[in-house]
Amino acid sequence: MSLQPNPVLSIALPTYNRADFLDSSLAAHLPILKHHNIQIFISDNASTDETFQVVEKWKAEYPLLHYSRNHENLGADLNFEKALSLSDTAYTWLLGDTSQFCADDLDKVLTRLNTNTPYDAVLVNLVGKIETPESTYQDANALLQDLAGLMSCMSCLIYSKALINDANFSRYHDSNFIQTGIIFESIANRPFQIHWLPQVSITSLESPHLTKTSWAHTEKIFKIGLTCWVNFIFSLPVSYSLQGKLEACTRFGQVSGAFTIKGMLSLRARGLLNYGIYKAYRPDLRLSVAYPSWIVMVISVVPRSMLSKVVNLYLKRTRTLPVTNQ
């Protein structure tokens, strides 16, 4: 007898050339999803590695795993759109192939979704970073100011089918933040309910044999995290206040940690920040950091050897600290 899919929630998982992460993700999540007959929809952006073989292996164990492969690489934004369009359930959780949630998290999400309240979206936490209390947002500017940075993380977003069906995806093609834009666009000028569920928190998929590489590990972090993010925020509908947009500009760097002072020191130590980068992105830095941008200039010229020693000493110290339960 065939499994009856859960009508409430499914998982949309876009992927590209990360067969090792995909394999680990499916190994971690399928046992959890089986308890609730939750479908998972994989949108493969024309991978050239062993992604197809990984999917075939797991499909043999779980018939509610669905696979779609693009004929060519469409870019991340369009692949996110494709992944979301595959789902046919009331809600869809957009999950990155390097992210993870646990069984207790899924139970909490399903409990919330089964309350019969018609949410436009449900937002979950990112490694417990946001301490804003649980609430249901009905003010678009408040949502922008409080959670815009968190909402840049695809794996924190659970969409209603109605929002997906009505989404203006094309407006945010090539923005690098289509997953965030379709929500803020949809709710800009209408009543809505978006629930913030901070006690559910996604984490990074960790394994000794996995090495995560993405634009966040290269100089692209400045182009995407500064220029693209600022452009994206100011492209949002005019109904969002200037103050709300200005505050949202700083949220990406704060939530990711990339553009805090500590994050800038790390970027300099890794050779990703230098004076040329500072000069190139100075206008966006002024909007994207909550401290004087000249501090970034100073960090950009500090000798890397000095910073590397400090970072290594810090890591060595933290590895020797006892682990305590709090």
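Computed from a predicted structure; not experimentally measured. (Residues numbered from 1 in each chain as written. Predicted model: local features only at pLDDT ≥ 70, side-chain atom pairs only at ≥ 80, totals over all residues. Heavy atoms only, no water.)

### Here's the deal with the overall build of the protein chain
Counting its regular elements, the protein chain contains 13 helices and nine strands. By the compact-globule yardstick of 20 Å for 326 residues, the protein chain fits well, its C-alpha radius of gyration being 20 Å. In terms of overall dimensions, the protein chain has a C-alpha envelope of 65 × 45 × 45 Å along the principal axes. Out of the 326 residues in the protein chain, the part that is buried amounts to 50%. Considering only residue pairs separated by 6 or more positions, the protein chain has 82% of its internal contacts joining residues 24 or more positions apart. As displayed, the protein chain offers around 15,500 Å² of accessible surface, 54% of which is attributable to carbon and sulfur atoms. Counting 28 positive and 27 negative side-chain charges, the protein chain places the centres of these two groups 11 Å from one another. (Helix = DSSP H or I, 4+ residues; strand = E, 2+ residues; numbered from the N terminus. Rg over C-alpha atoms; globule rule 2.2 N^0.38 Å. Buried < 20%, exposed > 50% of the residue type's maximum accessible area, 1.4 Å probe, protein only. Contact = heavy atoms within 4.5 Å. Areas by Shrake-Rupley, 256 points an atom, 1.4 Å probe, with all protein chains shown as cover. Lys, Arg positive; Asp, Glu negative; His and termini not counted. Charge placed at Lys NZ, Arg CZ, Asp CG, Glu CD.)

### Side note on helix α12 (residues 294–301)
Along α12, the residues classified as buried are I295, V296, I299 and S300. Mapping the buried residues of α12 onto a view down its axis gives an arc of 140°, with all of them on the same face. On its buried face, α12 is in contact with α10 (261–269) and α11 (275–288). (Arc of directions from axis to C-beta.)

### Focus on the pairing of strand β4 (residues 91–94)
Both faces of β4 are covered, namely the face carrying Y91 and W93 and the face carrying T92 and L94. Pairing of β4 with strand β8 (residues 157–160) involves four bridges; the strand directions are antiparallel. Bridging across to β8, W93 finds its partner in I158. (Pairing = 2+ DSSP bridges.)

### Digging into the pattern of salt bridges
Enumeration over the complete set of coordinates arrives at nine salt bridges. One salt bridge connects D23 with K57, and the closest N-O pair in it is separated by 2.7 Å. Separated by 34 residues along the polypeptide, D23 in helix α1 (residues 19–34) and K57 in helix α2 (residues 51–59) bring together distant segments of the chain. According to the relative accessible area criterion, D23 is partly exposed, its value standing at 23%. You can call K57 partly exposed: its relative accessible area is 42%. With a closest N to O distance of 3.1 Å, R112 and E134 form a salt bridge. Separated by 22 residues along the polypeptide, R112 in helix α4 (residues 103–113) and E134 in the loop between β6 (121–126) and β7 (135–137) bring together distant segments of the chain. (Salt bridge = Lys/Arg side-chain N within 4 Å of Asp/Glu carboxyl O.)

### Details of the environment of P7
Mapping P7 onto the fold places it in the segment before β1 (9–15). Judged by its relative accessible area of 62%, P7 falls in the exposed class. Sequence separation between P7 and Q39 is 32 residues, and the spatial gap between their C-alpha atoms is 9.2 Å. Residue contacts for P7: discarding those within four places in its chain leaves T89 and A90.

### Describing the packing of aromatic side chains
The final tally for this structure, using the stated rule, is 13 aromatic pairs. Between F252 and F259, the ring centres sit 6.3 Å apart and the planes meet at 40°, which makes this aromatic pair tilted. Across the pair, F259 and F252 agree in class, each one buried. Joined through ring pairs, the aromatic side chains of Y172, F177, F222, W229, F232, F252, F259 and Y281 make up one cluster. (Phe/Tyr/Trp six-rings, centres within 6.5 Å; stacked < 30°, edge-to-face > 60°.)

### Describing unusual backbone geometry
The phi dihedral of N17 is positive, around 50°, even though this residue is not glycine. Among the secondary structure elements, N17 is positioned in the loop between β1 and α1.

### A short note on the confidence of the model for the protein chain
On average, residues of the protein chain carry a pLDDT of 91, and 92% of them reach 70 or more. Scored below 50 in pLDDT, residues 319–326 makes zero contacts in the model with residues more than four places away or belonging to other chains. (pLDDT = per-residue confidence, 0-100.)

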